[in-house]
Amino acid sequence: MTMNKRKAEEAAVHSASWQEGWLQVKVPVPFSLKWVNSYLIPEQQGYTLIDPGLRTDEAINVWDAVLLRHGLHWKDITRIVLTHQHPDHYGLAGYVQERSGAPVFMTRGAHAYAISLWGEGSVFSQQLQSLYAEHGMPAALRAAIAENLETFVNMVSPQPEVTYFEAGSHMMLGGLSWLLIDAPGHANGQLCFYQKERQWMICGDQVLPDISPNVSFVPGEEGNPLKAFLNSLHELGQYGVKLAFPGHRDPFTDFQGRIAELRQHHEQRLDKMAAMLAEEPRSAYDVCEALFGSRLNGNAHQWRFAMSETLAHLVYLERNARITSVSVDGVYQYSAVTP
Ligand SMILES: [Zn+2]
Ligand SMILES: [Zn+2]
């Protein structure tokens with residue numbers, strides 16, 4: 001098969017057209033999520049690109065193929081807009097900026113978090129180590145997680161020059177005005193974009209079909225991330241939405257229904273954890289292992305998500321006085337509060 005034929009086939013698999021010339025590009029990611037959605041929105045001049053993907057050779061090959069198929073060049077990308085700072089959305093932004101010369105828009109909060117993770121002298125990995133140590137994770141698994149985190153530095157390089165935009169303001173995309181909505185919990189500083197006349201929502205990773213968005217307690221996002229997430233879902237549920245453009249899987253219509261499912265999912269998980277802790281006190285690691293361990297197959301990347309998601313739920317329960325914790329030999333043990 002010739003190079004161009006292969007590219008054309010690749011492009012057909014990886015792109016889909018939506019109304020008003022919007023292009024959904026499925027950019028591959030080497031995780032169980034399979035792909036991240038980029039959206040190319042036609043402008044009077046060129047295209048706005050939402051969330052370019054993770055920087056891997058495979059992702060760049062897909063982009064080359066998709067641009068070729070649609071008769072576009074990197075220079076046709078005139079703006080890069082990031083919903084949030086996670087590497088699968090942000091990682092390729094610097095590369096695309098180099099190829100296109102386009103400005104990269106991101107919130108100040110999201111950018112600060114990206115710098116704290118991948119900027120020079122980052123202490124994030126050490127902080128994560130101590131957090132997981134005091135919640136009972138064995139040293140070997142912590143080391144594997146630290147090693148896995150290292151691999152992300154290349155996948156977000158080069159890092160872009162950023163122009164800030166903020167929640168509460170409006171932005172023109174595809175000739176229409178969009179409201180920027182603060183959507184914390186999955187990633188602090190994340191934005192959703194709402195178009196009132198069309199009733200369209202670009203929702204980043206805040207509301208995903210089929211997947212429950214990860215809600216993590218990690219250094220730099222301490223607070224009560226699950227509370228922030230549930231509050232945000234409640235707020236997003238107030239908008240009339242006919243079509244939602246998510247960061248993963250495909251655009252979908254039942255935005256409200258999906259929000260209701262996600263809220264229910266977290267309520268059930270909270271109840272399950274509280275019930276486990278009513279049986280016996282456990283560390284966060286023990287809870288995580290009991291709930292997710294068999295599905296994680298020792299995969300360090302997935303363990304990090306599962307552990308931080310468990311912590312987010314435990315923090316939520318503790319703030320609601322349903323459980324309590326005490327440090328025993330340097331490891332927090334959680335137990336249920338009997339009403
Ligand atoms: Zn994300
Ligand atoms: Zn994502």
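Scope of this entry: the structure provided in the associated data block. Computed from a prediction, not measured in an experiment: that's the story for all the values here. (Residues numbered from 1 in each chain as written. Chains lettered and ligands numbered in written order. Predicted model: local features only at pLDDT ≥ 70, side-chain atom pairs only at ≥ 80, totals over all residues. Heavy atoms only, no water.)

### What to know about the overall build of the protein
Piece 1. Each helix and strand in the protein was counted, giving 12 helices and 14 strands.
Piece 2. Radius of gyration (C-alpha) of the protein: 21 Å, near the 20 Å computed for a compact globule of 339 residues.
Piece 3. The principal-axis extent of the C-alpha atoms belonging to the protein is close to 65 × 40 × 35 Å.
Piece 4. Here the protein holds 339 residues, and 54% of them are scored as buried.
Piece 5. A separation of at least 24 residues holds for 65% of the contacts in the protein among residues at least 6 apart in sequence. (Helix = DSSP H or I, 4+ residues; strand = E, 2+ residues; numbered from the N terminus. Rg over C-alpha atoms; globule rule 2.2 N^0.38 Å. Buried < 20%, exposed > 50% of the residue type's maximum accessible area, 1.4 Å probe, protein only. Contact = heavy atoms within 4.5 Å.)

### Looking at the coordination of the zinc ion (ligand 1)
Piece 1. Looking at the metal site, the zinc ion (ligand 1) is ligated by His84 (NE2), His86 (ND1), His186 (NE2) and Asp205 (OD), spaced 2.1 to 2.3 Å from it.
Piece 2. All donors of the zinc ion (ligand 1) come from a single chain, and their spacing in sequence reads H-x1-H-x99-H-x18-D.
Piece 3. In this structure, the zinc ion (ligand 1) is positioned 3.4 Å from the zinc ion (ligand 2), and both are ligated by Asp205. Separated by 102 residues along the polypeptide, His84 in the loop between β5 (77-81) and α3 (87-90) and His186 in the loop between β9 (176-182) and β10 (191-195) bring together distant segments of the chain.
Piece 4. Taking the relative accessible area as the measure of exposure, His186 reaches 6% and is therefore buried. (Donors = N, O, S within 2.8 Å, 3.2 Å for Na, K, Ca; no water.)

### What to know about the nonpolar core
Proteins that are soluble and globular tend to have nonpolar side chains buried together.
Piece 1. With 92 residues, the main nonpolar core has Trp63, Met201, Val207 and Phe255 as its most contacted residues.
Piece 2. Residue contributions to this core peak at 10 residues, all from helix α12 (residues 300-319).
Piece 3. Once you skip the residues sitting within four places of it in the chain, Trp63 turns out to touch Val25, Val27, Ser38, Leu40, Leu49, Pro52, Trp74 and Leu92.
Piece 4. Listed in part, the 18 residues of the second largest apolar core include Tyr39, Ile41, Ile50 and Leu180. (Core = buried A, V, L, I, M, F, W, Y, C linked by side-chain atoms within 4.5 Å.)

### Considerations on the coordination of the zinc ion (ligand 2)
Piece 1. Surrounding the zinc ion (ligand 2) are the protein donor atoms Asp88 (OD), His89 (NE2), Asp205 (OD) and His248 (NE2), at 2.1 to 2.3 Å.
Piece 2. Around the zinc ion (ligand 2) sit 4 donor atoms; with metal-centred angles ranging over 88 to 158°, the donor geometry is irregular.
Piece 3. Mapping the donors of the zinc ion (ligand 2) onto the primary sequence yields the spacing D-H-x115-D-x42-H. (Tetrahedral: all angles 85-135°; square planar, octahedral: opposite > 155°, others 65-115°.)

### What to know about the sheet that holds strand β12 (residues 243-246)
In sheet architecture, strand pairing relies on hydrogen bonds along the backbone and comes in two forms, parallel and antiparallel.
Piece 1. Read across the sheet, 5 strands follow the order β8-β9-β10-β11-β12 without closing on themselves; strand pairing throughout is mixed. At either margin of the open sheet sits one strand with a lone partner, and together these are β8 (170-173) and β12. Recorded for the sheet is a direction-independent mean angle of 25° between the axes of neighbouring strands.
Piece 2. Here strand β11 (residues 200-204) runs beside β12; their pairing, made up of 4 bridges, is parallel. Its bridge partner being in β12, Gly204 is matched across the sheet by Pro246. (Pairing = 2+ DSSP bridges. Axes fitted to C-alpha atoms, helices over the stretch in contact; angles between N-to-C directions.)

### Examining the packing of aromatic side chains
Piece 1. For the structure shown, the criterion picks out 17 aromatic pairs.
Piece 2. Relative to Phe245, the ring of Tyr39 has its centre 5.4 Å away and its plane inclined at 80°; by these criteria the two rings are edge-to-face. With Tyr39 in strand β3 (residues 35-42) and Phe245 in strand β12, this residue pair connects regions lying 206 residues apart in the sequence.
Piece 3. Judged by its relative accessible area of 1%, Phe245 is buried. (Phe/Tyr/Trp six-rings, centres within 6.5 Å; stacked < 30°, edge-to-face > 60°.)

### Structural notes on unusual backbone geometry
Piece 1. A cis amide bond, omega -5°, links Ser157 with the succeeding residue Pro158.
Piece 2. The topology assignment puts Pro158 in the loop between α8 (152-155) and β7 (162-164).
Piece 3. Unusually for a residue other than glycine, Glu20 sits at a positive phi of about 55°.
Piece 4. With respect to the helices and strands, the residue Glu20 is situated in the loop between β1 (15-17) and β2 (23-28).
Piece 5. The residue Asn297 is not glycine, and still its phi comes out positive at about 45°.
Piece 6. For Asn297, the position within the fold is in the loop between α11 (284-296) and α12.

### Digging into the state of the cysteines
Piece 1. Following the criterion strictly, the structure yields 0 disulfides and no others.
Piece 2. Looking at the unpaired Cys192, the closest cysteine sulfur is the one in Cys203, lying at 5.9 Å.
Piece 3. On the basis of relative accessible area, Cys192 is assigned to the buried category, the value being 0%. (Disulfide = S-S within 2.5 Å.)

### What to know about the environment of Ala290
Piece 1. The residue Ala290 is located in helix α11 in this model.
Piece 2. Residue classification places Ala290 among the partly exposed positions, given a relative accessible area of 47%.
Piece 3. Among all residues touching Ala290, those that are not within four sequence positions of it are Met276 and Arg282.

### Notes on the packing of helix α10 (residues 255-279) against α11
Piece 1. For the pair α10 and α11, the least separation of the axes is 11 Å and the interaxial angle reads 125°. As far as their axial angle goes, α11 and α10 are oblique. Viewed along their axes, α10 and α11 form a crossing whose handedness is right-handed. From α10, Arg269, Lys272, Met273, Met276 and Leu277 reach across to α11, where they touch Val287, Ala290, Leu291 and Phe292.
Piece 2. Of the residues belonging to the contact of α10 with α11, the class tally is 7 nonpolar, no polar and 2 charged. (Parallel < 35°, antiparallel > 145°, perpendicular 65-115°, else oblique. Left-handed = near helix turned anticlockwise from the far one by under 90°. Nonpolar A, V, L, I, M, F, W, Y, C, P; charged D, E, K, R; others polar.)

Geometric values such as these leave the question of function open.
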